[in-house]
Amino acid sequence: MGTLRNNSSATNITIATEDPDRFNQEAEIRRLIATIAFWLIVTVGILGNSLVIVVVKTIRSMRTTTNYLLVNVAVADITTLLFTAILFSILTTNIPIRSRVLAAFLCKFIFTNTVSIVTLLVTALTLTMLAIERYHALVKPMSLSGRLSMDNISYVIAGIWLLAITLVTPIFATFDWDSEMRYCSHGKAEHTMMIYVDCLIIFLTLIPFAVISFCYSRIVYGMYFNNTVFGRNSERCDTQEETNEKRRLVTLLILLTVVFFIAFIPYGILLILKVSKVNHTYGHLQIGSQYLTLLNCSINPFIYAFQSSSYRRAFKLIIKKMLCRDVSYEMSELLEMRTRTSVRSV
């Protein structure tokens, strides 16, 4: 089959191929810096998100519906980073692919980055569910409808993944290796998939953004304007400790959502342009948007540690355990915090 050439419309990493005659020391240095930066982002992201999963699995007080949804985001981020690392490795080694079956598999799952589209959908849907959950918990605390519980959270997470995979299935089904053109293609469904991908990106952006904006705007309005959240007109009386913890949680989730949309929107726009065969995009802008998406997958654990005292203590506890250090103080701190506050928060 010869060398498999990637001509997909959804690749997360762009590898520039230089003419050997024009290959100079400056280009080699830039390539080395880009490679080091890429693997640093991927390594930090996988370790950080894995730490989030270990914290929630190990520490009983961290097992809340909100934290399980944050674990779902961490799993999606790890999946994105792993598949992007596989793609990067294949493109940089430039190994010839001679098997037709292997070429078709790579087209469907690696070169076209359809798995990353699934994980982006999962993240967007999970952030939307987090916003809805906080809206019901804070704006309508006495209402049981629409509330997540430990009994139904697993079904919600499974539903999110099932919906995301279902939405991307047409892309999985139509992408294949074109033996004549020698690249990944939708074949006769090219025009149909162009429209579908455009609609999918819009769905991934506009609908979650609208729902999230409504939920958090109502929460912020209740917090700072009519005092129905945490204030004297609130339906439930919280202690100052509980109020502060809830405020930090709201701030964390809003920050998490803003970072996601800042990272995703440029990538989504460029993806639509590529699918629509608009090739006059700036290379540096494309590479920048792709690295921005990877950074978003790596930065979330730092947001948790920066904003959440519970996660800071939990991270410290797990790291000290790994280093075989005494963790009795951290354990007592987490237990005391959980005893003081009855909120279901991070």
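Residues numbered from 1 in each chain as written. Predicted model: local features only at pLDDT ≥ 70, side-chain atom pairs only at ≥ 80, totals over all residues. Heavy atoms only, no water.

Moving on: the overall build of the chain. Regarding its fold elements, the chain presents 10 helices and 2 strands. Tracing the chain from N to C terminus, the helices and strands come up as α-α-α-α-α-β-β-α-α-α-α-α. Pairs at least 24 apart in sequence give 79% of the contacts found in the chain among residues at least 6 apart. Working note: accessible area of the chain is about 17,400 Å², and carbon and sulfur atoms make up 65% of it. (Helix = DSSP H or I, 4+ residues; strand = E, 2+ residues; numbered from the N terminus. Contact = heavy atoms within 4.5 Å. Areas by Shrake-Rupley, 256 points an atom, 1.4 Å probe, with all protein chains shown as cover.)

Next up on the list: the confidence of the model for the chain. With 73% of its residues at a pLDDT of 70 or more, the chain has an overall mean of 77. Residue range residues 1–18 is modelled with pLDDT below 50. Its contacts to residues more than four positions away, or to other chains, number 72 contacts. Across residues 341–346, where pLDDT falls below 50, the model places 30 contacts with residues more than four positions away in sequence or in other chains. (pLDDT = per-residue confidence, 0-100.)

With that out of the way, let us pick up the nonpolar core. Counting residues in hydrophobic clusters, the biggest one holds 71 residues, and the most contacted among them are Val55, Val168, Ile171, Tyr304 and Tyr311. When residues of this core are assigned to their parent elements, the largest contribution, 13 residues, is made by helix H4 (residues 114–138). One finds Phe38, Val42, Leu81 and Leu294 within the second-largest nonpolar core, a separate group that totals 9 residues. (Core = buried A, V, L, I, M, F, W, Y, C linked by side-chain atoms within 4.5 Å. Buried < 20%, exposed > 50% of the residue type's maximum accessible area, 1.4 Å probe, protein only.)

With that out of the way, let us pick up the packing of aromatic side chains. Counted according to the given criterion, the structure contains 9 aromatic pairs. When the ring of Phe38 is compared with that of Phe88, the centres are 4.0 Å apart and the planes differ by 15°; the resulting orientation is stacked. Within this pair, whereas Phe38 is found in helix H1 (residues 25–58), its partner Phe88 is found in helix H2 (residues 65–93), the two being separated by 50 residues in sequence. Given a relative accessible area of 0%, Phe38 falls into the buried group. Ring geometry for Phe260 versus Phe261: centroids 5.3 Å apart, planes at 75°, classification edge-to-face. (Phe/Tyr/Trp six-rings, centres within 6.5 Å; stacked < 30°, edge-to-face > 60°.)

Glancing now at a nonpolar patch on the surface. Together, Val258, Ile262, Leu292 and Leu295 make up an exposed nonpolar region whose accessible area comes to about 320 Å². Within the element layout of this structure, Val258 appears in helix H7 (residues 240–275). (Patch = residues over 30% accessible without salt bridge, like charges linked within 9 Å, V, L, I, M, F, W, Y side chains within 5 Å. Salt bridge = Lys/Arg side-chain N within 4 Å of Asp/Glu carboxyl O.)

Right, let's get into the pattern of salt bridges. Throughout the structure, instances matching the rule amount to 1 salt bridge. The partner of Arg134 in a salt bridge is Glu133, with the nearest N and O atoms 2.8 Å apart. Classification of Arg134 by relative accessible area gives buried; the value is 3%. For Glu133, a relative accessible area of 1% translates into the label buried.

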